[in-house]
Amino acid sequence: MHRTPTYRDKPLFTPGPLTTSRTVKQALLRDLGSRDHEFIAVVREIRERLVALGGAQVGTYEAVPLQGSGTFAIEAVLTSTVPRDGKMLIIINGAYGRRMRTICDVGGIACTAIEFPEDCATDVAAVQQALAEDDAITNVAVVHCETTTGIINPIADIGAVVRRAGRTYFVDAMSSFGAVPVDLAACGIDYLVSSANKCIEGVPGFAFVLARRDALLATEGYARTLSLDLLAQWRGLEKNGQFRFTPPTHTLLAFRQALEELEAEGGVEGRARRYRANYETLVAGMRAMGFTEYLPPERQGYIITSFRYPEDPKFSFDEFYNRLNDRGYVIYPGKVSDADCFRIGNIGRIFEADVRDLLGAIRDTMDAMGFKP
Ligand SMILES: Cc1ncc(COP(=O)(O)O)c(C=O)c1O
């Protein structure tokens, strides 16, 4: 496969920001005014392409980009799509589900949660029961790829239950959208969030919501904040093609280029193939050295993998991390609450050859530190 060149920064085996192509970075090198016709056309094109990536049509679904990191868009959905007298049900099996609950608590949004262990995918029957038992619940939220562990939650099955129960459905697909196929309508999704610097391989600076138009139009008066008011942001974009407040112009230009490169790679399917190959090479190599994954393989997605710390007292994560970093490889600390783990991401502009190089560096680092997994 053709490898789009990157600058010679260290490859990032992280959940983001990620390694990006040189051509994506080069697309930043312009100063377009936010009211410039060219820029407005870029924003329109991005919005249309995002809806298409979700397998939908503009008019049925709308893309609403928002300034800030992914959490800002999650906060926008949570604070502007729950009715004033409504209640959110959050399905939790990791840190990002817990963060959604914190956002609701801070924003004064009534919320209840159904929590599963971090190594277990959501139990759909339990969600169905929670909805049957509490009529006050108006909205349901779940994380698609819980980046805490790398587990993939069954968003289509949950969507079917939520739709049957007549509630509004929100999916945080931050670390999966663009690399794990999602059909918005088939999954019954009303709102989905992702950001520029994940699997679409742009640079940080904005996030986006894909909203079912009819659901969004029904949220008049729900917003609890001004800058994160999702309906107002969409109306602003519809009115004159502009963001309400200063847009991250350079990031949007880079993102348009990133979307081109996603298409050139064969779209979501093509990207999924590369990431899956990265994942398979990584896991086979790590197992051969004696490392074990936190999740059982059938629950593990190909986005990011959590590996357990070796029990050997000669292992220290800080030293392991620093030695790899000194050799030019950036891995990531763990986030699992009940097990010591570190994480290795398979996403961004990295290829199997990069993963093999990383595996070689891990082998050398193990030998130098003298531990055995
Ligand atoms: C599933 C998920 N949700 C939310 C976030 C938060 O995104 P951000 O750090 O861009 O605010 C992340 C970040 O990795 C994530 O993976």
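Because the structure is a prediction, the values reported are computed rather than measured.

(A) Here's a closer look at the overall build of the protein. A tally of regular secondary structure across the protein gives twelve helices and twelve strands. Seen through its C-alpha atoms, the protein measures out along the principal axes to roughly 60 × 55 × 30 Å. Each of the 373 residues in the protein was classed as buried or not, and the buried ones make up 57%. Put simply, of all contacts in the protein between residues at least 6 apart along the chain, 71% involve residues at least 24 apart. Summing over all exposed atoms, the protein offers an accessible surface of approximately 15,000 Å²; the carbon and sulfur share of this is 48%.

(B) Broad picture of the confidence of the model for the protein. Residues at a pLDDT of 70 or more form 98% of the protein, whose mean pLDDT is 96. Summarising per-element confidence for the protein, the mean pLDDT is lowest in strand S11 (residues 332–333) (96) and highest in strand S8 (residues 191–195) (99).

(C) Quick peek at the packing of aromatic side chains. Counting across every chain of the model gives 17 aromatic pairs. Taken together, a centroid distance of 6.1 Å and an interplanar angle of 20° make the contact between Phe 317 and Phe 342 stacked. Placement of the pair is Phe 317 in helix H11 (residues 317–327) and Phe 342 in strand S12 (residues 341–345), with a sequence separation of 25 residues. The rings of Phe 291, Phe 307, Tyr 309, Phe 315, Phe 317, Phe 320, Tyr 321, Phe 342 and Phe 371 are connected pair by pair, giving a single aromatic cluster.

(D) Here's a closer look at the site of the ligand. For the ligand, the set of nearby residues contains 13 residues, the closest of which are Ser 69, Thr 71, Thr 147, Asp 172 and Lys 198. Between the ligand and Ser 69 there is a distance of 2.6 Å, counted from an oxygen atom to a side-chain nitrogen or oxygen. One of the backbone N or O atoms of Gly 70 is found 2.9 Å from an oxygen atom in the ligand. Starting from 390 Å² of accessible surface for the ligand in isolation, the protein chains cover 87%. At the level of elements, helix H3 (70–80) and helix H4 (95–107) are the ones that each hand at least two residues to the shell around the ligand. At three residues, the largest contribution of residues to the shell around the ligand is made by H3.

(E) Looking closely at the sheet that holds strand S2 (residues 88–92). Strand order in the open sheet formed by seven strands is S1-S9-S8-S7-S4-S2-S3, and the pairing between neighbours is mixed. The sheet terminates laterally at strand S1 (61–67) and strand S3 (111–115), the two strands that pair on one side only. Across the sheet, the axes of successive neighbouring strands diverge by a mean angle of 20°, strand direction being ignored. Pairing of strand S7 (residues 168–172) with S8, which is carried by three bridges, proceeds in the parallel orientation. Its bridge partner lying in S8, Phe 170 is registered against Tyr 191. Each of S1, S2, S7, S8 and strand S9 (206–212) is contacted by H3, which is oriented at about 165° to S8, the strand it contacts most. Its contacts with the sheet put H4 on S2, S3, strand S4 (139–143) and S7, and the angle it makes with S2 is roughly 155°.

(F) Helix H2 (residues 37–53), seen in detail. Helix length check: H2, at 17 residues, gives a terminal C-alpha distance of 24 Å against a target of 24 Å (1.5 Å per residue), a fit within 8%. All buried positions along H2 are accounted for by Phe 39, Ile 40, Val 42, Val 43, Ile 46, Arg 47, Leu 50 and Val 51. For H2, the angular spread of the buried residues around the axis is 165°, confining them to a single face. Those residues of H2 hidden inside the fold are in contact with S1, S9, helix H8 (230–240) and helix H9 (249–264). Where H2 starts, the residue carrying a side-chain oxygen 2.7 Å from the main-chain nitrogen of Glu 38 turns out to be Asp 36.

(G) Layout of the domain arrangement of the protein. Domain boundaries in the protein define domain 1 (23–263) and domain 2 (267–369). Inter-centroid distance (C-alpha atoms) of domain 1 to domain 2 is 28 Å. Taken together, the contact pairs 27 residues of domain 1 with 24 residues of domain 2. Between domain 1 and domain 2, a total of about 2,100 Å² is buried, with carbon and sulfur atoms accounting for 56% of that surface.

(H) Quick peek at the pairing of S4. When you tally the buried positions in S4, you get five out of five residues, the bulk of the element. The two faces of S4 match: Asn 139, Ala 141 and Val 143 on one face and Val 140 and Val 142 on the other face are all buried. Note: S2 against S4, three bridges, orientation parallel. Within S4, the position partnered with Met 88 by the bridge is Asn 139. Pairing geometry for S4 and S7, over five bridges, is parallel.

(I) Expanded view of helix H12 (residues 352–369). Given a rise of 1.5 Å per residue, 18 residues ought to cover 26 Å, and the 25 Å separating the end C-alpha atoms of H12 matches this to within 8%. For H12, the complete set of buried residues consists of Asp 354, Val 355, Leu 358, Leu 359, Ala 361, Ile 362, Thr 365, Met 366 and Met 369. Projected down its long axis, H12 carries its buried residues within an arc of 165°, all on one side. Buried residues in H12 make contact with helix H10 (267–289), H11 and S12. Where H12 ends, the next residue or the one after it, Gly 370, has phi of about 80°, a positive value.

(J) Local environment of the pairing of strand S10 (residues 304–308). Summarising burial for S10: four of the five residues are buried, a large majority. Here S10 pairs with S12 via five bridges, running antiparallel. The partner of Thr 305 across the bridge, within S12, is Ile 344.

The rules behind the values
Residues numbered from 1 in each chain as written. Predicted model: local features only at pLDDT ≥ 70, side-chain atom pairs only at ≥ 80, totals over all residues. Heavy atoms only, no water. Helix = DSSP H or I, 4+ residues; strand = E, 2+ residues; numbered from the N terminus. Buried < 20%, exposed > 50% of the residue type's maximum accessible area, 1.4 Å probe, protein only. Contact = heavy atoms within 4.5 Å. Areas by Shrake-Rupley, 256 points an atom, 1.4 Å probe, with all protein chains shown as cover. pLDDT = per-residue confidence, 0-100. Phe/Tyr/Trp six-rings, centres within 6.5 Å; stacked < 30°, edge-to-face > 60°. Near = heavy atom within 4 Å. Polar contact = N/O pair within 3.5 Å; in protein donor to acceptor, adjacent residues only side chain to side chain. Pairing = 2+ DSSP bridges. Axes fitted to C-alpha atoms, helices over the stretch in contact; angles between N-to-C directions. Expected span 1.5 Å × (residues − 1). Arc of directions from axis to C-beta. Domains from an automatic or database assignment. Buried area = accessible area lost by both parts, 1.4 Å probe.

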